[in-house]
Each structure stands twice: as structure tokens, then as C-alpha cells.
Amino acid sequence: MSAYSGYAIAGVADGGIHQNVAGVSATGALTNSGSVSLDAHASASADSSYRGLASAGLGEGINQSVDGGTLASATLTNSGSVDLTVGAGVSVLTGYAAANADFGIAQSASEATNSSATLTNSGTVTVDVAASASAYGGGTAIAQADGGVSQSANGGTATADLTNSGTIDVAAGASATAYSGYAIATIGNGVYQSAAGGTSATADLTNTGSILVDATAGYGVSATGYDLNVAGRALANADYGVYQGATASGEGSTASASLTNSSPDSIDVTAVAQAYGRGYANATAYAAGGVHQNVTAESAEGIVDNSGAISVVASATASAYLAGANAGAGNGVFQTVSGTLEGTADLTNSGTIDLAANASASGFSAYANGNVGNGVSQIVNGVTALATVGNSGSISLAVASSASAFDAYANAYACNGVYQSVGCTDATAELTNSGTIEVTADASASGSTSADARATVGYGVNQSASGLDTASVTLDNTGSILVDAAATASAFDASAYAAGYGVRQYASTEGGEATASLTNTAADTIN
């Protein structure tokens, strides 16, 4: 649409295929070996002295919903393609462009004594959302995608089972070119899986394919020279590649979340933000993590077996008179398990788990802040609580921050290569490492007047157990645990700080028995 003021709206609210089944005994079966393709685009332009708005949205590509009394069974097989493409753009004096999409596939089985959802994907599920704003004055572009696949089961006994040997790809991109503006790109989970039951809940995912999540946001102005009235922000936010939740609340309840990942290019989460301006520019990129398991029941268990690749990357770049860049990568694998009686988190890694955050800022005054969380994080509670990690592969964390300005500040912080926190009555944390655990933090600040650089690493390994009766932490290392923190500052008034620690073990009881054990036998081990 083109006029003095331009407004354009496009969308398909209900999506492509919607299967809804309800009954005392309800069964839904859906097979797609063909193509489901949804496309919504909105574009608005107006004379240079007027406003414009463009909004485009799509519902789910496939929505399967089964509600039962005694039985609710949902089965979905995709060997074809499910594609959602959304675009919104404005070119005006002041404008707003918004593009959003629901999940590529949404499946649910609920309200039955026995509820089960089974999904098999050997094809492709693609969600691509883009928004752009070009404005002489203020421009805002927002791109938002709920995620790739959503699967939920809710009932007395609830089971969610997903097998992926194909590709699940979710991308959101937002760009704004304006005197002042915002570019925001956000994505939910690549795969969201939830099981909620009364007596039992099971969430199981087997991945031999690819699960990709990519959020990109950019703001920029092309004019030269400084103008403090010109301000821009770019925000890119990507949630976990995989989220699994299993909750059972009845007496004698059990809950389990299990993930097996064996593809070399399998779970990849990326967030990129770039902001270039003449006055103030801020770029913030955050990638929550690779895998998150959240399990709660009387007896609760979380299991991850990774022989493939899990990668989480966040990158932020800003350049302006006043420039700020923030990049954060959360956790490679995050397991939270809470058992009223028993809680167990178990992780086996023979593949790679990589986290990286890079922040770069330049201008008259610039700050760059980079953070990474934990390569592996286990938080377990229960009367009997156990956290175990067996690593024969690679767990790598790398954070780098650089700032260049008259006044420059750079901060790089890496939390822990492996973090285990266990508590309640009998608490045990165990780690066996025959592979590599490496954590690096690098901060560089270059200024004319002042420069401050700080690089900090929490620990290569951080184990904590607190129990009323017993508490035990054990580390058996025949591999490598490497920690490296480096800070460099250059200016008339310069300061640099770097700190890193290898291993921390903590065991505590309130009158019982507490033990901490570390066995280190390899030559190239704790450095």
C-alpha cells in the first residue's frame, strides 16, 4: 500500500491443517508426506512526511488437538515439509513493522486418564519470520516466532514422545534503518515438549536430525557524524533449542524427561544483534541455551545422552558516539530436578557442548559486556538427590569482550564448565571426566582517556552438596580441565583484572557425614 499514510495487514489466523478430536475415547492420526506451505506478507509505504504500519502473522502450520475421557491419543507423522514464511515492511517518515508466526507444528493430547502424544519428523519444519522498517524519523521492526514444534500431553498418565531425524529450523530477523529506532527479533523454543500427569509424566525426545534456532536483529543509520538525538537499539533473543518439562503431582507419582542427541549438526541456537548509530546505539543478544529439562514428582528423573553437537552462540556489536554491546549465552544443558522422595539428574556427553558469547563496542564512550553461563548445570533436590555427569567428549565455554573508545569498558564473565548443586536429606554429586572441560574469558579495552578490562571465570568444575544426613561430592579426572582468563587495558588511565579458578568442591550436613573426593591422574589435567 502507498499513500500519505500507509497501513497493510496480512495473516492466516487458523494456520494450514487443524485436526480436533474429542470424545470419551479419542484418537487422532495425521500423516503429511506432501507440502504444507503458509505465506503472509504485508508492505506499507507513504510519502516522506507521513506514517506507516505493516503487520503480518500466521497460525500453526499443523495443529492437532485430541481431548479424551479415558483415552486421548494423538499421532502425527511428517515426512514432507511444513513451511511458514512471514514478512512485514514499512518505508515511511515514522513506521512500525511487525511479523509473527506460531509454531510450525503444535500437537496436544489432554484431559484423559491416559493421554499420549507421539510425533515423528523425518521431513522439514521451517518457520521464517522477517520484519523491516526504513524511516526518515522513528522506525520499529519486530519479528517474533513461537518456535518450531510444540508437543504436550496432559492427563492421569501423560506421555509425550518425539523423534526427529529431519530438520526443524526457526529463524526471526528484524532490521531498522531510521533516525531513531528499534529492531527486535525473538524466538521461543526449537522444540517445546511438556508432559503433565497425576500419577506419571514422561517426556522423551530422540534427535538424529537438526534443530536450529536463529534470531538476528540489526539497527543502522548511514549518515556520517555524531548526533546525540539519533538513537537505535537492536535486540535478539533466542530461547532454548529444546525444552522438556515433566510434572506429576499425585501420590506415588513419577516423572521423567529423557533426551538422546546423536547428530553432529543437531542442536544449534544463535542470537546476533548489531546496532550502528550516530548518537546512541545498543545491541543486546541473548541465547538461552541448548537443552533445558525441568522435572517434578515424588520420584523425578532427568536424563541427557549427547553424542552429537550442542552449540549456543550470542554475538553483539555496537558502534556510535555512545555504544553498548551485551552478549549472553545461557547454558549448554540445564537440568532442574525436584523429587519429593527421589531426584536424579544424569548426563552423559561423548560429543560436544559449546557456548560462546562475543561483545564488541566502539565510539566516543563504549562498553562491551559478554557472559556465558554453565556448560552443564544440574540442580537436584530430593530426600535422596543424585547428580551425575560423565564426560568423555568436549565441554567448551568461550567469552570475549572488546571496547574501543575515548572511554572504554570491557567485561567478560564465564560461569562454570560444569555446575552441580544437590540438596535435601541425602545429597550426592558425581563427575567423571576423561574428556575436556575448557573455560576461557578474554576482555580487551582500548581508550584514549580511560580503559577498564575485566575477565573472570567462575570455575572449571563447581560441585556443591548439602544434606541433612549425608553429603558427598566426587570428581574423578583423567582428562583436562582448563581455565584461562585474560584482561588487557590500554589508555592514559587503564586498569585490568583477570581471575579464574579450576575446581571447587563443597559438602555440608547438619550433623551427618560429609565427604569430598577428588582424584586427578592425567598429566594435562587441571590448568
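Please refer to the structure placed before this passage.
Let me sum up the structure you'll find in this document. This structure is a prediction, so every number in the text was calculated from the model and none was measured. (Residues numbered from 1 in each chain as written. Predicted model: local features only at pLDDT ≥ 70, side-chain atom pairs only at ≥ 80, totals over all residues. Heavy atoms only, no water.)

## Here we look at the overall build of the chain
Across its full length, the chain carries zero helices and 27 strands. Over its C-alpha trace the chain gives a radius of gyration of 25 Å, about what one expects of a compact globule, namely 24 Å for 527 residues. Each principal axis of the C-alpha distribution contributes one length, and for the chain these read about 70 × 70 × 35 Å. Sequence separation of at least 24 residues holds for 83% of the intrachain contacts in the chain that already meet a minimum separation of 6. Just so you have it, the chain exposes about 18,400 Å², and 49% of that area is on carbon and sulfur atoms. The average position of the 5 basic charges and that of the 38 acidic charges among the side chains of the chain differ by 25 Å. (Helix = DSSP H or I, 4+ residues; strand = E, 2+ residues; numbered from the N terminus. Rg over C-alpha atoms; globule rule 2.2 N^0.38 Å. Contact = heavy atoms within 4.5 Å. Areas by Shrake-Rupley, 256 points an atom, 1.4 Å probe, with all protein chains shown as cover. Lys, Arg positive; Asp, Glu negative; His and termini not counted. Charge placed at Lys NZ, Arg CZ, Asp CG, Glu CD.)

## So, the pairing of strand E15 (residues 231–238)
Here strand E13 (residues 180–207) pairs with E15 via seven bridges, running parallel. Bridging across to E15, Ala185 finds its partner in Ala236. Bridge analysis of E15 against strand E19 (residues 280–306) gives eight bridges, and the strand direction is parallel. If you follow Gly232 over to E19, its bridge partner there is Ala281. (Pairing = 2+ DSSP bridges.)

## Comments concerning the nonpolar core
Membership of the largest hydrophobic core comes to 108 residues, with the highest contact counts inside it found for Ile105, Val129, Val149, Val191 and Val372. With 12 residues, the top contributor of residues to this core is strand E20 (residues 309–349). Formed by 24 residues, the second largest nonpolar core is a distinct cluster that contains Ala153, Ala158, Ala246 and Val337. (Core = buried A, V, L, I, M, F, W, Y, C linked by side-chain atoms within 4.5 Å. Buried < 20%, exposed > 50% of the residue type's maximum accessible area, 1.4 Å probe, protein only.)

## What to know about unusual backbone geometry
Although it is not a glycine, Glu111 sits at a positive phi angle of roughly 65°. Structurally, Glu111 can be placed in strand E9 (residues 105–121). In this structure, Cys424 takes a positive phi of about 140° despite not being glycine. The topology assignment puts Cys424 in strand E22 (residues 394–433).

## A few points about the side chain of Ser464
Mapped onto the elements, Ser464 comes out in strand E23 (residues 436–477). With relative accessibility at 14%, the residue Ser464 sits in the buried group. Ignoring any residue separated from it by four or fewer positions in sequence, one finds Ser464 in contact with Gln420, Ser421, Val422, Val473, Arg504 and Tyr506.

## Thoughts on the packing of aromatic side chains
Tallied over the entire structure, the rule returns four aromatic pairs. Centroid distance Phe364 to Phe406: 4.8 Å. Interplanar angle 35°. Geometry classified as tilted. You can see Phe364 sitting in strand E21 (residues 352–391) and its partner Phe406 sitting in strand E22, a full 42 residues away along the chain. Residue class for Phe364 comes out partly exposed when judged on its relative accessible area of 30%. Taking the centre distance of 5.5 Å and the plane angle of 40° together, the rings of Tyr459 and Tyr501 count as tilted. Of the two residues, Tyr459 sits in strand E23 while Tyr501 sits in the loop between strand E25 (493–499) and strand E26 (503–509), which places them 42 residues apart along the sequence. On the basis of relative accessibility, which here comes to 24%, the residue Tyr459 falls in the partly exposed class. (Phe/Tyr/Trp six-rings, centres within 6.5 Å; stacked < 30°, edge-to-face > 60°.)

## A word on the side chain of Asn374
Tracing the chain through its elements places Asn374 in strand E21. What makes Asn374 buried here is its relative accessible area of 9%. Here the side chain of Asn374 touches Asn416 through a polar contact of 3.0 Å, side chain to side chain. (Polar contact = N/O pair within 3.5 Å; in protein donor to acceptor, adjacent residues only side chain to side chain.)

## Remarks on the pairing of E22
With 35 bridges joining them, E21 and E22 adopt parallel strand pairing. Considered in E22, the bridge of Gly390 is made with Thr432. Direction of pairing for E22 relative to E23: parallel, over a ladder of 36 bridges. Across the sheet, residue Asp407 finds its bridge partner in E23, namely Ser450.

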